[in-house]
Amino acid sequence: MFSAKAAQEAMPVSNSGDEADKALRFREAALPYLNDVYTLARYLLRNPADAEDAAQECYLRALKHFDTYRGPAMKPWLLAILRNVCRAEFSRRAASPSTTIENTPEAADEPPLWHEEQQTPEEQMLRERDAVAIRRLIDALAEPFRETFVLREVNNLSYREIAEAVGVPVGTVMSRLARARAMLRSAWLAEQE
Amino acid sequence: MTCNEAEILLHALIDGELDASHAREVEAHIAGCPRCAPKLAAYRQMSQAVATVDLRYTAPPLLRKRIEASLPKPQVATSRRSVLRGFALGSAMSAIAASGLVAIVLRNDDEQRIEGEIVSAHLRSLQAGHLTDVVSTDQHTVKPWFNGRLDVSPPVIDLTAQGFTLIGGRLDYVDARAIAAVVYKRRAHVINLFVAQTASTEHRPARMATVQGFNIRRWSDRGLNYWAISDLGADELAEFGDKFEAATRVNSEG
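A.B. asks: I tried to follow the overall build of chain B on my own but got confused; where do I start?
C.D. replies: Across its full length, chain B carries nine helices and seven strands. Partitioning the contacts of chain B with sequence separation of at least 6, the portion at a separation of at least 24 is 55%.

Put into structure tokens, the structure is as follows:
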């Protein structure tokens, strides 16, 4: 009697029912990637407050288009939307030429949150210092390289997924990633001297 | 393969993005190239170093809340269909989102709505002539009466000895669906016991609720959802439920 199938047959399709279904499906599919979305937003916008706004806007847009979502995987799809949100934010901002460390104080000030494993305090301190240093170096990369690097190294997307999310050929992803790593490496080496 | 090509492809090699034949090609070049070999080693090292530190940011809890609040609330839906589906799929949903509070919220909300309908059905039944379709204190009359009227056979148990008199049964409608109502009386108080099939066979222990001044005792057992509703005090209604449950256990085991 209370079988879902019978219910579907017996009841006319109702929009609000679909909306409830949709909202539920969307939450289950999309919310688990909030940290990924927020992380990319932090690296793209280099500012916690803007990153929060962008993440929220990303979820609103994603919900709006969830009806037509047929893939790719949820994570690259969300990150592609986030990226567009951030681009809109870029054009809203006076195009900031900043690719220098001085313009990104937040990255250094913000105490990072860790997924800790068993570490000695010394190891942990070393690691935190490394993470802060590496984040700062990533923040200093020019935008397309930073984006590709973060999508690959932090968000763990494949080359193909990055290509789709960014809307460039895989070859471009490869060359951007190579340049990003080269720049990062020389900045790193320069810092260690 | 030129060094320029290798310089880009070595990253794909590190990232495991190359197919076997290209990987071999790149490795072959690098193995014989004094310029490229140290680069591969250096980038490998860097990749490992980057991988050991956590470069992710964690979304602030307030952001998560804000986003959740900005999404349409599943419980806003008032359609019977969604209520019914949420209800019927209660256990399936909680399995889908074992970790998702969202599903649990939805389910609770549906239960509240159903409880509202249970109260309405109870009130209707108290209006003149609506209480019973089949009047009998004999469980062997009331139980067969439901056959053919519902696709569920509700347990009908005589609890007269325990102080609750069976007075009959009727068909009612909750969530726009026919549902069994077994009617008991204690002194002047009517107890409607609503029984509906559920997709879940898990046993859900009893939960008391008070809606519009009526007490509702709700539980699930062996694929059936039960709501006992009455203007009896909570303790007496709980007693009714306990005795009913004990009796069904004896019946099914005996």
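A.B. asks: Mind showing me how you'd approach the pairing of strand β5 (residues 204-211) of chain B here?
C.D. replies: Successive side chains on a regular strand alternate, one facing one side of the sheet and the next facing the other. All names here are of chain B. Pairing geometry for β5 and strand β6 (residues 214-221), over six bridges, is antiparallel. Following the sheet pairing, A209 is matched in β6 by I216. Counting the residues between successive antiparallel strands, the hairpin from β5 to β6 contains two residues, one of them, Q212, with a positive phi of roughly 50°.

A.B. asks: Can you help me understand the pairing of strand β2 (residues 165-174) of chain B in this one?
C.D. replies: Residue and element names in this part refer to chain B. Taken together, the two bridges between strand β1 (residues 134-135) and β2 define a ladder with antiparallel strand orientation. The partner of V134 across the bridge, within β2, is G169. Looking at chain direction, β2 and strand β3 (residues 177-186) are connected through nine bridges and run antiparallel. Bridge pairing in β3 places Y173 opposite A178. In this structure, the hairpin formed by β2 and β3 is closed by a connection of two residues, where D175 is found at a positive phi of approximately 65°.

A.B. asks: What am I meant to see in the nonpolar core here?
C.D. replies: The nonpolar side chains of a soluble globular protein tend to be buried with one another. Formed by 64 residues in total, the largest nonpolar core has its most connected members in V37, A41, A55, C58, L78 and L82 of chain A. Ignoring anything within four residues of it in the chain, the contact list for A41 of chain A reads A51, A54, A55, L82 and C86 of chain A. Residues I114, V183, Y184 and I191 of chain B belong to the second largest nonpolar core, which totals 32 residues.

A.B. asks: What exactly am I supposed to notice about helix α10 (residues 170-192) of chain A here?
C.D. replies: Residues spaced three or four apart along an α-helix point in a common direction, a consequence of the helix completing one turn every 3.6 residues. For α10 of chain A, which comprises 23 residues, the first-to-last C-alpha distance of 33 Å matches the rise-based estimate of 33 Å (1.5 Å per residue) to within 8%. V173, M174, R176, L177, A180, R181 and L184 of chain A are the residues of α10 of chain A that are buried.

A.B. asks: What should I look at first to understand the sheet that holds β3 of chain B in this one?
C.D. replies: Strands in a sheet are paired, the pairing made by backbone hydrogen bonds, and the direction either parallel or antiparallel. If you walk across this open sheet you meet the seven strands as β1-β2-β3-β4-β7-β6-β5 (chain B), and the pairing is antiparallel. Two strands bound the open sheet, and with one partner strand each, they are β1 and β5 of chain B.

The rules behind these values
Here, residues in each chain are numbered from 1, in the same order as that chain's written sequence. For naming, the first written chain is A and the first written ligand is 1, with later ones following in the order written. Local features in this predicted model are restricted to residues whose pLDDT is 70 or higher, and side-chain atom pairs enter the listing and the counts only when it is 80 or higher, whereas totals over whole chains, interfaces and linings include all residues. Runs of E in the DSSP output that reach at least two residues are strands. Runs of H or I that reach at least four are helices, and both are numbered from the N terminus. By the convention adopted here, residues are in contact when the distance between their C-beta atoms, placed from the backbone, does not exceed 7 Å. At least two bridges found by DSSP between two strands is the condition for calling them paired. As used throughout, a nonpolar core is a set of buried Ala, Val, Leu, Ile, Met, Phe, Trp, Tyr and Cys residues joined through C-beta atoms within 7 Å of each other. Partly exposed residues are those whose C-beta has more than 12 but fewer than 20 other C-beta atoms within 10 Å; with 20 or more the residue is buried, with 12 or fewer it is exposed, and the C-beta atoms are placed from the backbone. In this analysis, the expected span of each helix is defined as 1.5 Å times one less than the number of residues it contains.

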